[in-house]
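Listed below are the residues making up each chain.
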There are 4 protein chains.
Amino acid sequence: MSFNTFGHVFRFTTWGESHGPALGAVVDGCPPGIALSEADIQPFLDKRRPGTSKFTTQRQEPDQVRILSGIFEGRTTGTPISLMIENVDQRSKDYSEVAKAYRPGHADYSYDAKYGFRDYRGGGRSSARETAARVAAGAVARAVIPEVEILAYVVEIGGDAIDRANFEKSQIDKNPFFCPDEAAAGRWEKLVDEARKAGSSLGAVVECVATGVPPGWGAPLYAKLDSELAAAMMGINAVKAVEIGAGFEAARFRGEQNADPMRPGTNQPVFLANNAGGIAGGISTGQPVVCRVGFKPTSSILTPVDTVTREGEATEIVTKGRHDPCVGIRGTPVVEAMMALVLADQKLLHRAQCG
Amino acid sequence: MSFNTFGHVFRFTTWGESHGPALGAVVDGCPPGIALSEADIQPFLDKRRPGTSKFTTQRQEPDQVRILSGIFEGRTTGTPISLMIENVDQRSKDYSEVAKAYRPGHADYSYDAKYGFRDYRGGGRSSARETAARVAAGAVARAVIPEVEILAYVVEIGGDAIDRANFEKSQIDKNPFFCPDEAAAGRWEKLVDEARKAGSSLGAVVECVATGVPPGWGAPLYAKLDSELAAAMMGINAVKAVEIGAGFEAARFRGEQNADPMRPGTNQPVFLANNAGGIAGGISTGQPVVCRVGFKPTSSILTPVDTVTREGEATEIVTKGRHDPCVGIRGTPVVEAMMALVLADQKLLHRAQCG
Amino acid sequence: MSFNTFGHVFRFTTWGESHGPALGAVVDGCPPGIALSEADIQPFLDKRRPGTSKFTTQRQEPDQVRILSGIFEGRTTGTPISLMIENVDQRSKDYSEVAKAYRPGHADYSYDAKYGFRDYRGGGRSSARETAARVAAGAVARAVIPEVEILAYVVEIGGDAIDRANFEKSQIDKNPFFCPDEAAAGRWEKLVDEARKAGSSLGAVVECVATGVPPGWGAPLYAKLDSELAAAMMGINAVKAVEIGAGFEAARFRGEQNADPMRPGTNQPVFLANNAGGIAGGISTGQPVVCRVGFKPTSSILTPVDTVTREGEATEIVTKGRHDPCVGIRGTPVVEAMMALVLADQKLLHRAQCG
Amino acid sequence: MSFNTFGHVFRFTTWGESHGPALGAVVDGCPPGIALSEADIQPFLDKRRPGTSKFTTQRQEPDQVRILSGIFEGRTTGTPISLMIENVDQRSKDYSEVAKAYRPGHADYSYDAKYGFRDYRGGGRSSARETAARVAAGAVARAVIPEVEILAYVVEIGGDAIDRANFEKSQIDKNPFFCPDEAAAGRWEKLVDEARKAGSSLGAVVECVATGVPPGWGAPLYAKLDSELAAAMMGINAVKAVEIGAGFEAARFRGEQNADPMRPGTNQPVFLANNAGGIAGGISTGQPVVCRVGFKPTSSILTPVDTVTREGEATEIVTKGRHDPCVGIRGTPVVEAMMALVLADQKLLHRAQCG
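Criteria and cut-off values
- Residues numbered from 1 in each chain as written.
- Chains lettered and ligands numbered in written order.
- Predicted model: local features only at pLDDT ≥ 70, side-chain atom pairs only at ≥ 80, totals over all residues.
- Heavy atoms only, no water.
- UniProt positions renumbered as here; feature names shortened; annotations may be inferred.
- Helix = DSSP H or I, 4+ residues; strand = E, 2+ residues; numbered from the N terminus.
- Rg over C-alpha atoms; globule rule 2.2 N^0.38 Å.
- Buried < 20%, exposed > 50% of the residue type's maximum accessible area, 1.4 Å probe, protein only.
- Contact = heavy atoms within 4.5 Å.
- Areas by Shrake-Rupley, 256 points an atom, 1.4 Å probe, with all protein chains shown as cover.
- Pairing = 2+ DSSP bridges.
- Axes fitted to C-alpha atoms, helices over the stretch in contact; angles between N-to-C directions.
- Parallel < 35°, antiparallel > 145°, perpendicular 65-115°, else oblique.
- Left-handed = near helix turned anticlockwise from the far one by under 90°.
- Buried area = accessible area lost by both parts, 1.4 Å probe.
- Salt bridge = Lys/Arg side-chain N within 4 Å of Asp/Glu carboxyl O.
- Polar contact = N/O pair within 3.5 Å; in protein donor to acceptor, adjacent residues only side chain to side chain.
- Nonpolar A, V, L, I, M, F, W, Y, C, P; charged D, E, K, R; others polar.
- Phe/Tyr/Trp six-rings, centres within 6.5 Å; stacked < 30°, edge-to-face > 60°.
- Lys NZ or Arg CZ within 6 Å of the ring centre and 35° of its normal.

If you look chain A up in an unreviewed UniProt entry, it shows as Chorismate synthase from Sphingorhabdus pulchriflava. Quoted verbatim from the Sequence similarities (unreviewed entry) field of UniProt, the annotation for chain A is "Belongs to the chorismate synthase family." In the Subunit (unreviewed entry) part of its UniProt record, chain A is described as follows: "Homotetramer."

Written out as structure tokens, the structure reads:
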């Protein structure tokens, strides 16, 4: 879990910048013998792909993945799987303004402070384009955990939340917001469109549920399943908050409200509630693993904001270019990918220690 | 960051169970030449120590730390620092009930599911007693980052939040709740006492602020400063939620509200807001690093809860014994410790890469 | 594998100095449910214990191990196993000479160059006493790999090698040199005694064989089984050379001499030779894993050697005190321990990836 | 140091098979601001490139490296550097024999035993082609340690060693053997040519010296500089032995012969010998770091060898195809690369801990 690598036994490393020739991921530690081809990965990239509706950035990227190693005769060999996605629509534009002044809310200043300079074209390494590599790696992870079903969806945009009573799983793929509530999707259409036209942006909350995780994955302390998930989710661009199960709401419960009662079940106990979000003491309980992730509104807006230049002079800046009005929407498949990556790693770690 | 070790370059490993002879931590990678003695560590343990008020568990533990290695003539040598705390008040009681049935909300079932059995005495490894080892390690971490001041305090208990207008730093040490709002502390006294007498428990939200962190600590992706903090905080017992800066609130902001404007400053820019919580693109900005942590109410309550036995029979269970009515209170020094441990590690990592 | 931790999934961290109150190891990632008590560890420490013959240092250390965590009702729980050995015979002597001048061949100068100062009492952290912690950890590792038998023995002291034709496994425990050749043991008695009386020291070569390792442990590249063994063995104090199988001799073979022919066997192929030392492409073949380890003569000798003081003045130094005339002898159980630690880790890693 | 990643702070991960479309490395943790282009990497690849003389395999690979990320305006940005080398001469041939039977001395059997199947084309992941990726990564490492000069050369082929009295650094690049002794190079020409014509192969010993390493790099125990070097070197294909400094010879010395006396020097002490190979207690002393690496003869020979098929039937096999008659020769730039990779990592690790 250093720098650009994530995971213990099932590990992936990503590389690439927004305006470089390509970006990619190397997935290491994948079990051998798993059927895997580019066709298994592409659908997940297509979900995250930009330019598919007016609610996402207009950058046109086919995001076509190539597998460069680790597969033989259609199956994983156990050696590193190198995945590459070429950048094709790095629009040549004038970056002189971004090069000179820091965009508040972006990583411009902090990168310069750390490294002394930065690749400012399209945000360089800090661009959300990097998440394409995670989505590709996440597709490999899914193949490692066929027993698990992972589903993420948007539950709130710009403070407007779904009505849980309207939750329809089948709705999620029917609107451009991954929204399970048809009525909310209708409202969001206006909301996001208004923000887009105003050159503003909106935050969002994404929920992710993994069903089929058997009890026993995780570890007592620093590789706690919830700790790993928190690291994974907070590592996504624009994420500022992570909850497991009832999350902050649990902090308002009394003990008797929060405890999830147990009853005898067929192979394992049945729980009568899931405030724990499927994790107790850092280890899965067999209930659905549930987390919620808060995305801030992207800082790329047309309203001028006070800032300073690299030389420390006062100025103001407007971020033109092609941007997502609500970056949380396309964050949804990324949240799913990170869930898959954490669970695949935990499955293998559990197998290592407990056979 | 595997199992029971946390950190990349400044790493610590903890060991020990609630009812074993002792618990401890080994801190590795500490820079040499730093003045350090048991007297530098003890005050932090004393803040976390049980039995100091009626609002914490009545277990009496002096939590006296011993340094067994890594110090010579009062200074760190650069070799591993072994810290040990003996358990003295492991009350001999009847654990047969806990051994037989799973306490809902506890790690009883998940540990059994993972390992096949567990040390059930006082929660074994899943007991919050383990956090004493983290607090001791955290004290070493503080010595590595003298430029940083870390302060955590409780901002909400049982849904009753402080009034930010009443915030008085000097109040924090004047009440048993680490509460910066005198009025709230007064209310909490009744609230927690009532819960304690009812055999119930309450959740809490702890906020932690680190000032003096220079710009440039952190990394773009999987060792993002916020990702590391999220892992560290979510790894604390009973924590279910973590926010950085404005956190979930940021998901309700529009882009122009969320961007923290910058103005020229003396050595580095001045920010006119801190919604980012001092971190942009995973790297510190020089502003205070701010996080908030949600603790669930402990599951050790006197209300009977439905559960199952190890053999899968229905039963109900009441958790007697000595417990904290609000585990978030004593979690406050643990949050501080984890903040220190993450920052010390990030300081050294930054130095490694950027000199 | 950072600093003072070794291993990927089955990991151990050691701590402690020659003249501190104690030393120890924390073993993490151990599978649960394995029968383990102090009585399983002590015999290995007894083999390494100083003061047992005139051919080892006269420091008297009972090297009594205590298990402080990770065991419940006689079995491993899957949580960290903390092992502690108290130092009892830190003879109070005058270290002012060692504090002032560097002993050539020792770590005195390099530690000072790295850390700015050092715990010079008995070599501090660089003392071979630290290997007691490894031997204790190694005993835990053996319990993880009951299918493997590990045997190390000395094949050469001071350039005088055993005759392979005289190899008798039963001899190994019958002499103070772990020597499988009775005749060689007789010669070494005189050789080592002469060196001891002359205040000199001798090098040695230790061979270690692990039988019962199934085919498939290891990894293609940087966690190659041979790479891990090389790291483990070269990490032992005084070791300067490591060979796998035919080792340097293989560099003198032609291809047709070196290839180990294979014939059909019952469950797996039979090999007609073992120049590979049981490892091909970094992965075990099912043949015995064989390595040889070269120990230099200890630098603690009575002959005055030219050196410099901390202030950079020319001087000469004689290393008095209690030292091993041939540190390779007591290195033998340490070599066994490292072999066990590597194999236990590789077994779990293999299980992680390949089920 | 897991699987296909090596290093702690300066880390690299390689991927790719002999007959896949490409192979590559991702270098992470590289300090920012270092001038680096493909032209800085290519010369090292050219040294390792096959097909340059009749003493190496006749496979024709231009081994042209492409930098896909991590460089902006000619300098490293501190983000991952992705290096890719396309395979162009994967000769389409009949691999049915290799697919069916195990080549003794190759990784065929052990890969199958581990993974259940393997990419048998040209050795797949176990092919020495993978070392091209290490050489590319090593060139990046060299840019991180400009203070260090690294030089490797062959000191022995097929048991015929150089005469140290004839050592001429300038000779190394004047013959196809990286041989510093002109007379030996002449003899080796006949020796290797004879082996090549006979369809046999020869082993070799490569020595590597790094000058300019300051005192203080390394760590006391499991990240000992010598332990890291041993892991790095033993991780190279066909390597079976590693020595530091006097190596196995030191095991034949008496203490007074082995200790390297010290005398006052200008900025640091001067050593009158270097049996330690520049490392004491796992930490560099400021003397040249010296290691020797033993390569076995490649197992790809024309002499039929007894073996078994995948189904366990007895057969014999001849390895046709294009192979190096002495793989140690082209191993020389790989040894240099691994030395650079270890030292760059240790430099950054030292800076992390000791500022």
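Chemist: So what about the overall build of chain A? Which residues, and what values?
Modeler: Assigned secondary structure in chain A consists of 8 helices and 18 strands. Expected size for 355 residues packed as a compact globule is a radius of gyration near 20 Å; at 21 Å, chain A falls within 12% of this value. Each of the 355 residues in chain A was classed as buried or not, and the buried ones make up 68%. Summarising the internal contacts of chain A: among those between residues at least 6 apart in sequence, 70% fall at separations of at least 24. Accessible surface, chain A as shown: approximately 10400 Å² in total, 49% of it carbon and sulfur.

Chemist: Summarise the sheet that holds strand S2 (residues 11-16) of chain A; cite the residues concerned and give the values.
Modeler: Within a sheet, adjacent strands bond to each other through the backbone by hydrogen bonds, running parallel or antiparallel. Residue and element names in this part refer to chain A. One open sheet accounts for 5 strands, arranged S1-S2-S3-S7-S4; its pairing is antiparallel. Single-partner strands in this sheet number two, and they are strand S1 (5-6) and strand S4 (65-67). Note: S1 against S2, 2 bridges, orientation antiparallel. Within S2, the residue paired with Thr5 across the bridge is Thr13.

Chemist: Give a detailed account of the packing of helix H4 (residues 131-144) of chain C against helix H8 (residues 327-354) of chain C, specifying residues and quantitative values.
Modeler: All names here are of chain C. Packing of H4 against H8 brings their axes to within 8 Å, and their N-to-C directions diverge by 45°. One way to sum up the angle between H4 and H8 is to call them oblique. Crossing geometry of H4 relative to H8 is assigned as left-handed. Counting all contacts with H4, which are made through Thr131, Arg134, Val135, Ala137, Gly138, Ala141, Arg142 and Val144, the residues of H8 involved are Pro333, Val334, Glu336, Ala337, Met338, Ala340, Leu341, Ala344, Lys347 and Leu348.

Chemist: Quick rundown of the UniProt feature "binding site: NADP(+)" (unreviewed entry) in chain A? Include the residues and the values.
Modeler: Residues and elements named next belong to chain A. The sites that carry the UniProt feature "binding site: NADP(+)" (unreviewed entry) are, in the present numbering, Arg48 and Lys54. The topology assignment puts Arg48 in helix H1 (residues 38-48). Accessibility expressed as a relative area gives 2% for Arg48, which makes it buried. When neighbours within four sequence positions are excluded, Arg48 is seen to be in contact with Asp63, Ala128, Arg129, Thr131, Ala132, Val135, Arg330, Pro333 and Val334. Tracing the backbone shows Lys54 in the loop between H1 and S4. Ignoring anything within four residues of it in the chain, the contact list for Lys54 reads Asp193 and Arg196.

Chemist: Tell me what's going on with the interface of chain A and chain B, and back it up with residues and numbers.
Modeler: With 109 residues of chain A at the contact, the number on the chain B side is 109 residues. Counting each side, the surface lost to burial between chain A and chain B is near 8300 Å², with a carbon and sulfur contribution of 62%. For the interface between chain A and chain B, the tally reads 6 salt bridges. The interface formed by chain A and chain B includes 39 residue pairs in polar contact (both at pLDDT 80 or more). Looking at side-chain class alone, the side of chain A that touches chain B contains 56 nonpolar, 33 polar and 20 charged residues.

Chemist: Could you give an account of the pattern of salt bridges, with specific residues and numbers?
Modeler: Residues and elements named next belong to chain A. Scanning the model with the defined rule gives 104 salt bridges over all chains in all. The salt bridge partner of Asp63 is Arg129, with a shortest N-O separation of 2.7 Å. Of the two residues, Asp63 is situated in the loop between H1 and S4 and Arg129 in the loop between helix H3 (108-115) and helix H4 (131-144); the sequence distance between them amounts to 66 residues. Since its relative accessible area comes to 0%, Asp63 is described here as buried.

Chemist: Can you break down the packing of aromatic side chains residue by residue, with the values?
Modeler: Counted by the stated rule, this structure contains 34 aromatic pairs over all chains. Measuring from centroid to centroid gives 6.0 Å for C:Tyr109 and D:Phe271, while their planes differ by 65°, and the two rings are edge-to-face. Placement of the pair is C:Tyr109 in helix H3 (residues 108-115) and D:Phe271 in strand S13 (residues 270-271), with the two residues belonging to separate chains. For the pair shown, C:Tyr109 and D:Phe271 are each scored as buried. One aromatic cluster is present, built from ring pairs that chain together A:Phe55, A:Phe177 and A:Trp188. Looking at A:Arg75, its charged tip hangs above the ring of D:Phe117, at a distance of 4.1 Å from the centre.

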